[in-house]
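# Fold and contact review
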Amino acid sequence: MTEAGGNPIDGLQGGERAEALATAMAGIADMFEFLTDDAAGSAGHDDVSAGYRALKERHSQDFVDIQAHGIQLANNIQAGAGEIALNDVESAESYETPWDFGRDINSE
């Protein structure tokens, strides 16, 4: 038999790890801009400076997107873990064990 399920504790821990990663990436877009600006200013040659400026133009939004995706990933993992836990609670309320069934038979 194939089973499906999830462990809300593992999911929450995964979400916390993803959140830590997203936090570590906070400011990556600003750092990229700072580094490319610094490299362009220190290049000493117009063609090289232009290359760094073009790199910044081309990829700045990518770094902004990376930050946003990291935060969204952490939120999604944690929300999924919460939904698993909620589903478990709701299912447990209506779950009947074989022992519960036996009590119903004996009480009749």
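Just above, that's the structure.
Residues numbered from 1 in each chain as written. Predicted model: local features only at pLDDT ≥ 70, side-chain atom pairs only at ≥ 80, totals over all residues. Heavy atoms only, no water.

This part covers the packing of aromatic side chains. Summed over all chains, the structure comprises 1 aromatic pair. On the basis of an interplanar angle of 20 degrees and a centroid distance of 4.3 Å, the ring pair of Phe 32 and Phe 63 is categorised as stacked. Of this pair, Phe 32 sits in helix H2 (residues 28-42) while Phe 63 is found in helix H3 (residues 46-94), placing the two residues 31 residues apart along the sequence. Given a relative accessible area of 13%, Phe 32 falls into the buried group. (Phe/Tyr/Trp six-rings, centres within 6.5 Å; stacked < 30°, edge-to-face > 60°. Helix = DSSP H or I, 4+ residues; strand = E, 2+ residues; numbered from the N terminus. Buried < 20%, exposed > 50% of the residue type's maximum accessible area, 1.4 Å probe, protein only.)

What follows covers the environment of Ala 20. Here Ala 20 lies in helix H1 (residues 8-25). Ala 20 gets classed as partly exposed once you look at its relative accessible area, which sits at 47%. Residues Ala 20 and Gly 70 lie 50 residues apart in sequence; the distance between their C-alpha atoms is 9.4 Å.

If you trace the backbone, Ser 49 turns up in helix H3. Those residues in contact with Ser 49 that lie beyond four places of it in its chain are Ala 40 and Ala 43. (Contact = heavy atoms within 4.5 Å.)

Taking 1.5 Å per residue as the helical rise, H2 with its 15 residues ought to reach 21 Å, and the 21 Å between its terminal C-alpha atoms agrees with that figure. Within the span of H2, buried status applies to Ala 29, Phe 32, Thr 36 and Ala 40. Each buried residue of H2 lies within a common arc of 60 degrees when the element is viewed along its axis, so the set occupies one face. Exposed residues pointing more than 90 degrees away from the buried face of H2 are listed as Asp 30, Phe 34, Gly 41 and Ser 42. Downstream of H2 by a residue or two, Gly 44 has a phi angle that is positive, lying close to 80 degrees. (Expected span 1.5 Å × (residues − 1). Arc of directions from axis to C-beta.)

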